[in-house]
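Residues per chain, in single letters:
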Amino acid sequence: MTRRVFGESVQGASHIRNGRECQDSLKKVEKDDNTLILAVADGHGSDSCPYSKTGSEVAVNVFCKILGDYLETYSGEPELLLTFLKREGDTKVAQAIDAEWKRRILKIHSKNKREIIPNPEDNAPGAGRGVSDVERNKDKAAIYRMYGSTLIGLVITKEFLFAFQLGDGDIVKVSGMGVQNIIEADKILGTETHSLSKSESWKKAITFTKKQEENETLPVMYMLSSDGMANSYKNDDEFRKTCSDYFDLLKEHGAKAVSDNLKAWLSETSELGCGDDITALFAYFEKGDCLV
């Protein structure tokens, strides 16, 4: 079995015109035993979230660190880890990601001595004035909002697959069986999305865990993408066709050719589509008879 992992984050066409940096982040961890940890995060990028690029960077780092720690803790015991993730993925794992993201954000904010942008809806006092627990919590909530980000992640091992989603974005699998959404995300109407910045954000996390199929034939492609990708197409069918097109390109021309052209293709997708930042992260498995 041959594995290829690659991806790109591109600045959205509208962001280029408005002079706004790309708010997306991605991270990939490839282990010697063929285990992969993949993460994509999309910072909100609004005026009330001026540091959401940092928020998305922290998000992908936190996911890879926490899931990497679980893999080490359960090293040599994949069945136990599979059982744990099935039972606790959307509770203990999500809580750990939520808490660690918020801990790191407070540390970064304090280190940089940034001012707090209060939320008018909270009727909060000015930064630094709060003395009660309620006011201090309002300050923390305002800080988290300034770094707001979504997060999607995927762990692929020889034994199982674990997917995590908080907010928008897509995790798909493409094979000879067609295009499958690994997680059916909780769609929110309009531009709102679930966010790591929200109180108890872990409650909005969705996870999926399954054992690898022993008879699954290759090639197989996994793709994680920020919502700028899907939103650049008229409907879900067009998005799914694009996922299938990438799979066909990988089979016909190989991972290097797709990787070399990916940035230009994603930039064109943004320009012709919604104009948002786009991130796409691929894991492509080819040759051999099966994944295990």
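Structural notes, computed from the coordinates. Keep in mind that this is a model prediction, so the values were computed, not measured.

Time to look at the nonpolar core. Counting residues in each nonpolar core, the largest one holds 37 residues, and the members touching the most others are Phe63, Leu67, Ile97, Leu151 and Phe164. A total of 10 residues in this core trace back to one element, the largest contributor, which is helix α2 (residues 52-73). In this structure, Met229, Ala230, Ala255 and Ile278 belong to the second largest nonpolar core, which totals 23 residues.

Taken together, the side chains of Glu184, Asp236, Asp237 and Glu238 present a region of like negative charge at the surface. Here Asp236 lies in helix α6 (residues 236-253).

Evaluated as defined, the whole model comprises 11 aromatic pairs. Taken together, Phe6, Tyr246, Trp265 and Phe282 form an aromatic cluster joined through their ring pairs. For the cation-ring pair, Arg114 lies above Tyr51, with the distance from its terminal atom to the ring centre recorded as 3.9 Å.

Right, let's get into the pairing of strand β3 (residues 36-42). Burial of β3 is extensive: 7 of the 7 residues sit out of reach of the surface. A two-sided burial pattern is seen for β3, the buried positions comprising Leu36, Leu38, Val40 and Asp42 on one face and Ile37, Ala39 and Ala41 on the other. Pairing geometry for strand β2 (residues 24-30) and β3, over 7 bridges, is antiparallel. Paired with Val29 across the two strands is Ile37, which belongs to β3.

Counted at 1.5 Å a residue, the expected span for helix α3 (residues 78-112) with its 35 residues is 51 Å, but the 41 Å between its end C-alpha atoms falls short. At Glu88, α3 is deflected by roughly 90°, the largest bend along its length. At the exit of α3 stands Lys113, carrying a positive phi of roughly 50°.

Turning our eyes to something else, we now look at the packing of α6 against helix α7 (residues 255-272). Look at α6 against α7: their axes get within 8 Å of each other, and the N-to-C directions meet at 140°. Taken as axis vectors, α6 and α7 run oblique relative to one another. Between α6 and α7 lies a crossing of right-handed hand. Contacts from Tyr246, Leu249, Leu250 and His253 of α6 reach α7 at Ala255, Ala257, Val258, Leu262, Trp265 and Leu266. Residues of the contact of α6 with α7, tallied by class, amount to 9 nonpolar, 1 polar and no charged.

What counts as what
Residues numbered from 1 in each chain as written. Predicted model: local features only at pLDDT ≥ 70, side-chain atom pairs only at ≥ 80, totals over all residues. Heavy atoms only, no water. Core = buried A, V, L, I, M, F, W, Y, C linked by side-chain atoms within 4.5 Å. Buried < 20%, exposed > 50% of the residue type's maximum accessible area, 1.4 Å probe, protein only. Helix = DSSP H or I, 4+ residues; strand = E, 2+ residues; numbered from the N terminus. Patch = residues over 30% accessible without salt bridge, like charges linked within 9 Å, V, L, I, M, F, W, Y side chains within 5 Å. Areas by Shrake-Rupley, 256 points an atom, 1.4 Å probe, with all protein chains shown as cover. Salt bridge = Lys/Arg side-chain N within 4 Å of Asp/Glu carboxyl O. Lys, Arg positive; Asp, Glu negative; His and termini not counted. Charge placed at Lys NZ, Arg CZ, Asp CG, Glu CD. Phe/Tyr/Trp six-rings, centres within 6.5 Å; stacked < 30°, edge-to-face > 60°. Lys NZ or Arg CZ within 6 Å of the ring centre and 35° of its normal. Pairing = 2+ DSSP bridges. Expected span 1.5 Å × (residues − 1). Bend = angle between axes of the 7 residues up to and from the residue. Axes fitted to C-alpha atoms, helices over the stretch in contact; angles between N-to-C directions. Parallel < 35°, antiparallel > 145°, perpendicular 65-115°, else oblique. Left-handed = near helix turned anticlockwise from the far one by under 90°. Contact = heavy atoms within 4.5 Å. Nonpolar A, V, L, I, M, F, W, Y, C, P; charged D, E, K, R; others polar.

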